[in-house]
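Geometric and topological summary
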Amino acid sequence: MAKKEEGMKQEISGARVFIDRYIKGLSRGTDDLDRYVSKYKEAQRLFIARVIFLRLIEKINLKNYKRLLKGLNSLERYFDKYNIKKIEENIRGICEEYECRMEEEYTGLKKELGKPLMDSLKQRGISGSAVEINIKTSSKWSDILDQLDSKYNRLLCSVKREIDK
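The paragraphs below set out a description of the structure included in this document. (Residues numbered from 1 in each chain as written. Predicted model: local features only at pLDDT ≥ 70, side-chain atom pairs only at ≥ 80, totals over all residues. Heavy atoms only, no water.)

Looking at the overall build of the protein chain
In terms of helices and strands, the protein chain carries 6 helices and 0 strands. Starting at the N terminus and ending at the C terminus, the protein chain contains elements arranged as α-α-α-α-α-α. Here the protein chain holds 165 residues, and the buried ones make up 34% of them. Residue pairs at least 24 apart in sequence account for 72% of intrachain contacts in the protein chain once pairs closer than 6 positions are excluded. With the model as given, the accessible surface of the protein chain reaches about 11,000 Å², and the carbon-plus-sulfur share is 50%. (Helix = DSSP H or I, 4+ residues; strand = E, 2+ residues; numbered from the N terminus. Buried < 20%, exposed > 50% of the residue type's maximum accessible area, 1.4 Å probe, protein only. Contact = heavy atoms within 4.5 Å. Areas by Shrake-Rupley, 256 points an atom, 1.4 Å probe, with all protein chains shown as cover.)

Here you go:
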């Protein structure tokens, strides 16, 4: 019995190492995580897929969601009780809304800060297409990002908690 438990611990550890490498982008190849799971014995596959599934959900964030959702989708056949499509819709919806809001805020801030700065440069005789305003270095942009990150991370965490139940 202890030998069986030890073997399972090794399998779990191996799956975690694999998925952590995948999440960090260190694993070369495909987003088809089912291919990895299928290497295990039939009796172990659902358990290993669940370990990977939970780790993916835990590590998904506003920046890496696209790739991790692809990996999640590849495990769909193992999770009848989980509606992978619904999970994907919820996570993708939050993350895409975050990206849209970030773009809208950036465009608005660029207009707000850019005009006075360009006018000031023009008065000094500096103008032309080579002059570009870097809004991303402004403290106002940092504040906006902090607010957006906070709001959308809270929403994402809420969805992840629901999935964990």
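Here we look at the pattern of salt bridges
Applying the stated criterion across every chain, the model contains 9 salt bridges. Close ionic contact of E88 with R92 constitutes a salt bridge, the shortest N to O distance being 2.9 Å. Separated by 4 residues within a single helix, E88 and R92 lie in helix α5 (residues 84–123), roughly one turn from each other. Here E88 falls in the buried class, since its relative accessible area comes to 14%. Judged by its relative accessible area of 24%, R92 falls in the partly exposed class. Close ionic contact of E112 with K140 constitutes a salt bridge, the shortest N to O distance being 2.2 Å. Linking E112 in helix α5 with K140 in helix α6 (residues 139–164), this pair joins segments that are 28 residues apart in sequence. One network of salt bridges, in which partners are shared, links D20, R55 and E58. (Salt bridge = Lys/Arg side-chain N within 4 Å of Asp/Glu carboxyl O.)

Overview of the nonpolar core
If you look at the biggest cluster of nonpolar residues, it comprises 41 residues, and the most contacted ones within it are I52, F53, L56, L72, L75 and I91. If near-sequence neighbours (up to four positions away) are discounted, I52 is found in contact with A15, F18, I19, L33, Y36, V37 and L75. (Core = buried A, V, L, I, M, F, W, Y, C linked by side-chain atoms within 4.5 Å.)

What to know about the side chain of D34
Relative to the assigned elements, D34 resides in helix α2 (residues 33–37). With relative accessibility at 16%, the residue D34 sits in the buried group. Beyond its immediate stretch of four places on either side in the chain, D34 contacts S74, L75, R77 and Y78.

Things to note about the packing of α5 against α6
At their nearest, the axes of α5 and α6 sit 10 Å apart, and the two run at 170° to each other. Classified by the angle their axes make, α5 and α6 are roughly antiparallel. Here the contact of α5 with α6 is composed, by residue class, of 18 nonpolar, 1 polar and 6 charged. (Axes fitted to C-alpha atoms, helices over the stretch in contact; angles between N-to-C directions. Parallel < 35°, antiparallel > 145°, perpendicular 65-115°, else oblique. Nonpolar A, V, L, I, M, F, W, Y, C, P; charged D, E, K, R; others polar.)

Some words on the environment of A15
With respect to the helices and strands, the residue A15 is situated in helix α1 (residues 2–23). Looking at A15, the relative accessible area reads 0%, which means it is buried. Each residue touching A15, except ones within four places of it in the same chain, is listed here: Y36, Y40, I48, V51 and I52.

Topic: the environment of L109
Secondary-structure assignment places L109 in helix α5. Separated by 26 residues in sequence, L109 and I135 have C-alpha atoms that sit 7.4 Å apart.

Some words on the side chain of S138
As for its placement among the helices and strands, S138 is situated in the loop between α5 and α6. Accessibility expressed as a relative area gives 16% for S138, which makes it buried. Not counting residues up to four positions away in its chain, the partners in contact with S138 are L109 and L113.

So, the packing of helix α4 (residues 65–73) against α5
As a packed pair, α4 and α5 sit with axes 11 Å apart at the nearest point and diverge in direction by 175°. Classified by the angle their axes make, α4 and α5 are roughly antiparallel. When α4 is examined against α5, the residues Y65, K66, L69, L72 and N73 are found in contact with a partner set consisting of I84, K85, I87, E88, I91, R92, C95, E96 and E99. The residue makeup of the contact of α4 with α5, split by class, is 7 nonpolar, 1 polar and 6 charged.

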